Amino acid sequence: MNDAVSILRGQWTISVLAALALGEMPYKELLTAVNTAEHRPGGSGRAPLSDRVFTDTLKRAQGHSLIDKLSDPQRSGVSVYELTPKGRALLRAVRPLVEWAQEYEDQDDHDAVRVD
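The text that follows walks through the structure, step by step, so that each part is easy to find. Counting restarts for each chain: residues are numbered from 1 in the order of the written sequence. Local features are withheld for residues below a pLDDT of 70 in this predicted model, meaning they are given only at 70 or higher, and side-chain atom pairs are given and counted only at 80 or more; totals for whole chains, interfaces and linings count all residues. As a rule here, side-chain values come from all non-hydrogen atoms in the structure, and water together with hydrogens is ignored.

## Structural notes on the side chain of T57
Defined as follows: Strands are runs of DSSP state E lasting at least two residues, helices are runs of H or I lasting at least four, and both sets are numbered from the N terminus onward. What makes two residues a contact is simply this: any of their non-hydrogen atoms within 4.5 Å.
Along the chain, the position of T57 falls in helix α4 (residues 51-63). Not counting residues up to four positions away in its chain, the partners in contact with T57 are W12, T13 and V16.

## With respect to a nonpolar patch on the surface
Quick note on the threshold: Patch membership needs two things, relative accessible area over 30% and no salt bridge, and members are linked within 9 Å if like-charged or within 5 Å if nonpolar (Val, Leu, Ile, Met, Phe, Trp, Tyr). Reported accessibility uses the Shrake-Rupley method at a 1.4 Å probe radius. Residues are deemed covered only where the shown protein chains occlude them. Here, a salt bridge means any Lys or Arg side-chain nitrogen found within 4 Å of an Asp or Glu carboxyl oxygen.
Taken together, the side chains of L97, W100 and Y104 present a nonpolar region at the surface, about 350 Å² in accessible area. Tracing the backbone shows Y104 in helix α5 (residues 85-104).

## What about the nonpolar core?
Test applied: The nonpolar core is taken to be a set of buried Ala, Val, Leu, Ile, Met, Phe, Trp, Tyr and Cys residues, with the residues joined through side-chain atoms within 4.5 Å. Relative accessible area decides the class of each residue, using a 1.4 Å probe on protein chains only: under 20% of the type maximum gives buried, over 50% gives exposed, and in between gives partly exposed.
Counting 21 residues, the largest nonpolar core has L20, L30 and I67 as the members making the most contacts within it. Counting residues per element, the ones that place at least two in this core are α2 (13-20), α3 (27-38), α4, β3 (79-83) and α5. The greatest single-element share of this core, amounting to four residues, is contributed by α2. With sequence-adjacent residues up to four places away left out, I67 is seen in contact with L17, L20, L58, A61, Q62, Y81, E82, L83 and T84.

## What about α5?
Rules: One less than the residue count of a helix, multiplied by 1.5 Å, gives the span that helix is expected to have.
Over its 20 residues, α5 extends 30 Å from the first C-alpha to the last, a length consistent with the 28 Å expected when each residue adds 1.5 Å. Restricting attention to buried positions, one finds in α5 the residues G87, L90, L91 and V94. Where α5 is buried, its residues contact α1 (2-8), α2 and β3.

## Let's talk about the pattern of salt bridges
For the coordinates displayed, the defined rule picks out three salt bridges. Between D56 and R52 there is a salt bridge, with its nearest N and O atoms 3.4 Å apart. Of this pair, D56 and R52 both sit in helix α4, four residues apart, roughly one helical turn. Between E99 and R95 there is a salt bridge whose closest N-O contact spans 3.8 Å. With E99 and R95 both in helix α5 and four residues apart, the pair spans about one turn of that helix. Classification of E99 by relative accessible area gives partly exposed; the value is 44%. The exposure class of R95 is exposed, given its relative accessible area of 55%.

This is how it looks when you write it as structure tokens:
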């Protein structure tokens, strides 16, 4: 469990993987896709993902073999990112957790069970 949580650390990892589930994207398109998804009406309202944090997130995801960085043969000097099979499997694995969070996100704190 600790290994899985370590891979998921960082608030943007799942957002990046979810954006790449739609297909490979170059850096700027991927950054825009993540920021657009995070600022939709009713969204979390988080601040936009900065270039520095985005780059760190991509490197960490690559280090865990969740995404690959490839050269785009049609555009010289442009790299694209895509999910690996391991990244797709991770998204499938966290889906129930996301559904749980969505189900309980509007519940007041006073509904929480207190364990002393």
